[in-house]
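Descriptive analysis of the structure
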Amino acid sequence: AQTVTQSQPEMSVQEAETVTLSCTYDTSENNYYLFWYKQPPSRQMILVIRQEAYKQQNATENRFSVNFQKAAKSFSLKISDSQLGDTAMYFCAFMKNSGNTPLVFGKGTRLSVIA
Amino acid sequence: DSGVTQTPKHLITATGQRVTLRCSPRSGDLSVYWYQQSLDQGLQFLIQYYNGEERAKGNILERFSAQQFPDLHSELNLSSLELGDSALYFCASSGSGSWGTDTQYFGPGTRLSVL
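This report concerns the structure included in the present document. Just so you know, these numbers come straight off a predicted model, no measurement behind them.

Turning next to the sheet that holds strand β3 (residues 19-24) of chain B. Two orientations exist for strands paired in a sheet by backbone hydrogen bonds: parallel and antiparallel. Residue and element names in this part refer to chain B. On the basis of which strands lie adjacent, the open sheet formed by 4 strands has the order β1-β3-β8-β7 and antiparallel pairing. Two strands lie at the open edges of the sheet, namely β1 (5-7) and β7 (64-68), each paired on one side alone. Within this sheet the neighbouring strands show an average axis-to-axis angle of 15°, counted without direction. As paired elements, β3 and strand β8 (residues 74-78) share 5 bridges and run antiparallel to each other. From the neighbouring strand, V19 faces β8, where its bridge partner is L78.

Next comes the structure, spelled out in structure tokens:
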């Protein structure tokens, strides 16, 4: 079974600064996807970024980028130029690449962006 | 807006009762997933349907059941409700059939309060 660990229950960052959220996972699979989802106070689950394990290039989406280290089974999220709207719970998630399979989530990191 | 809809937004009921949560996936998506988010258990996968057929089962109680209808909408039935069933229930959809369509998009959730 796969497990996802987020070791930072809470973090804070000053507006306009950069912050990195950590995620490690355990799997015996070779092909899989990794995701970061954001859950703001509205409780909506919003996809932030996705990474395919077979791709060596780290995914980026505007101010969000990942550092994917397959051998170390590490998948951190970097948020640059933090904005107040980035305040949210951030969940790291794993999905096996065997066609539409369920997500396995970490317990989340609560990020507060301070003005 | 993810394109996934869930009704109702909020549900307040008493112990021992039965409720039905409804989910409409994004247009063209064939897979529907149900997740439960509670304070102590985090985000847990309950069950998945693909094009009307049950595809995977997670930590779903025997008191809970689900189905996916020919128009692809899904319903999650929760019966003999207990206080511990109070949670946020998410529906997600994925899989329009082409490559790279495994990403799951979440609905806004149904908040269930059992009193």
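Put simply, an interface is often sized by how much accessible area is lost when its parts join up. Each partner contributes residues to the interface: chain A has 18 residues there, and chain B has 26 residues. Contact between chain A and chain B buries roughly 1,800 Å² in total, counting both sides, with carbon and sulfur atoms accounting for 52%. Our enumeration of links across chain A and chain B arrives at 0 salt bridges. Inspection of the chain A/chain B interface yields 7 residue pairs in polar contact (both at pLDDT 80 or more). Elements with a minimum of two residues in the side of chain A that touches chain B: β5 (32-39), β6 (46-52) and β10 (88-96) of chain A. The leading source of residues in the side of chain A that touches chain B is β5 of chain A, at 4 residues. Looking at the side of chain A that touches chain B, its residues break down into 11 nonpolar, 5 polar and 2 charged.

One broad trend across soluble globular proteins is that nonpolar side chains are buried collectively. Counting residues in each nonpolar core, the largest one holds 25 residues, and the members touching the most others are Y25, W36, F75, L77 and Y90 of chain A. Elements that contribute at least two residues to this core include exactly β3 (19-21), β5, β6, β8 (64-69), β9 (74-79), β10 and β12 (109-114) of chain A. In terms of residues, this core owes the most to one element, β10 of chain A, which gives 4 residues. Look past the residues within four positions of Y90 of chain A in its chain and what remains in contact with it is Q6, L21, W36, Y37, K38, V48, F64, L77, I79, G108, T109 and L111 of chain A. With 20 residues, the next largest nonpolar core counts L21, W34, L81 and C91 of chain B among its residues.

Time to look at the pairing of β7 of chain B. Here β7 of chain B shows a clear split, with F64, A66 and Q68 of chain B buried on one side and none of S65 and Q67 of chain B buried on the other. Connecting the antiparallel pair β7 of chain B and β8 of chain B is a turn made up of 5 residues, with L72 of chain B showing a positive phi of about 80°.

Procedures and definitions
Residues numbered from 1 in each chain as written. Chains lettered and ligands numbered in written order. Predicted model: local features only at pLDDT ≥ 70, side-chain atom pairs only at ≥ 80, totals over all residues. Heavy atoms only, no water. Pairing = 2+ DSSP bridges. Helix = DSSP H or I, 4+ residues; strand = E, 2+ residues; numbered from the N terminus. Axes fitted to C-alpha atoms, helices over the stretch in contact; angles between N-to-C directions. Contact = heavy atoms within 4.5 Å. Buried area = accessible area lost by both parts, 1.4 Å probe. Salt bridge = Lys/Arg side-chain N within 4 Å of Asp/Glu carboxyl O. Polar contact = N/O pair within 3.5 Å; in protein donor to acceptor, adjacent residues only side chain to side chain. Nonpolar A, V, L, I, M, F, W, Y, C, P; charged D, E, K, R; others polar. Core = buried A, V, L, I, M, F, W, Y, C linked by side-chain atoms within 4.5 Å. Buried < 20%, exposed > 50% of the residue type's maximum accessible area, 1.4 Å probe, protein only.

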